[in-house]
Amino acid sequence: MAYTDDLREHEQVLLRLLDEMGRSLARQERLLEEIDNRHVQVRNSWIQEGADGSFMQPDRQALAEELQRDLERGRDQELELHEILDVLKRRCELEDRLLDELESRPPREHRNRLPVELVGCFERRDRLLGDIELESFREKRDRLAETIQLLPELEGLLFEVVERHLVRLHCEGG
């Protein structure tokens, strides 16, 4: 009976972590969509400014304003990278907790059998995000883009492993 209770508790932890992952993925999608919308608004603003402006040689004031806008865009881009990084770090924490929970109670006949592809995805993700705060803006942007491309594969493999794990637990427990 204690073993069955332990399995039920383990299953509940996995389900809670999966729910948190779902919310984290939704936050990530909303953030990326919000950033895309901001970029569209900025591009539209540039187009409007270009259409409204004269085609004469810019004066010092116009050049100073353009430089100020460039500086603001650079700061905005840096803030966007940090927003994305914060969301990705939270997601990574959840993925790590999910993996730890999976490894804490594998079904007897499947101990130490995580797919090599999943382990490789985790290692690649950790390499890409490791010490990213110390990198230049361009390096951060490139690493985040590569990480975002990797995440669907990692997510698919992780969810597949969780699903198989839960099926095995149910077979083993009842």
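Just so you know, these numbers come straight off a predicted model, no measurement behind them.

Visitor: So, the overall build of the protein chain: which residues are in play, and what are the values?
Guide: The number of helices and strands found in the protein chain is four helices and zero strands. Reading the helices (α) and strands (β) of the protein chain from amino to carboxyl end gives α-α-α-α. The burial tally for the protein chain puts 30% of its 174 residues in the buried class. A sequence separation of at least 24 residues applies to 83% of the contacts in the protein chain between residues at least 6 apart. Just so you have it, the protein chain exposes about 11500 Å², and 51% of that area is on carbon and sulfur atoms.

Visitor: Before we move on, can you summarise the pattern of salt bridges with the specific residues and values?
Guide: Pairs may arise between side chains of opposite charge once their charged atoms sit close together. Scanning the entire structure with this criterion turns up 24 salt bridges. Between Glu66 and Arg69 there is a salt bridge, and its shortest N-O distance comes to 2.7 Å. Taken together, the positions of Glu66 and Arg69, both in helix 2 (residues 60-104) and three residues apart, correspond to about one turn of that helix. For Asp70, the salt bridge identified is with Arg73, shortest N-O distance 2.0 Å. Taken together, the positions of Asp70 and Arg73, both in helix 2 and three residues apart, correspond to about one turn of that helix. Classification of Asp70 by relative accessible area gives partly exposed; the value is 37%.

Visitor: Give me unusual backbone geometry: which residues, what numbers.
Guide: Despite not being glycine, Asp131 shows a phi value in the positive range, around 55 degrees. Positionally, Asp131 belongs in the loop between helix 3 (116-129) and helix 4 (137-173). Assessed through its relative accessible area of 53%, Asp131 is described here as exposed.

Visitor: Help me get a handle on the side chain of His10, residues and values and all.
Guide: Inspection of the secondary structure assignment puts His10 in helix 1 (residues 2-52). Among all residues touching His10, those that are not within four sequence positions of it are Glu101, Ser104, Arg105, His165 and Leu169.

Visitor: I'd love a proper account of the nonpolar core, names of residues and values included.
Guide: By size, the foremost hydrophobic cluster in this structure holds 21 residues, and its most contacted members are Leu98, Leu102, Leu118, Phe122 and Leu158. Elements supplying a minimum of two residues to this core: helix 1, helix 2, helix 3 and helix 4. It is helix 4 that provides the largest number of residues to this core, a total of eight residues. Dropping the residues within four chain positions of it, Leu158 is found in contact with Glu95, Leu98, Leu102, Leu118 and Phe122. Within the second largest apolar cluster, twelve residues are counted, among which are Leu81, Leu85, Leu88 and Cys92.

Conventions and cut-offs
Residues numbered from 1 in each chain as written. Predicted model: local features only at pLDDT ≥ 70, side-chain atom pairs only at ≥ 80, totals over all residues. Heavy atoms only, no water. Helix = DSSP H or I, 4+ residues; strand = E, 2+ residues; numbered from the N terminus. Buried < 20%, exposed > 50% of the residue type's maximum accessible area, 1.4 Å probe, protein only. Contact = heavy atoms within 4.5 Å. Areas by Shrake-Rupley, 256 points an atom, 1.4 Å probe, with all protein chains shown as cover. Salt bridge = Lys/Arg side-chain N within 4 Å of Asp/Glu carboxyl O. Core = buried A, V, L, I, M, F, W, Y, C linked by side-chain atoms within 4.5 Å.

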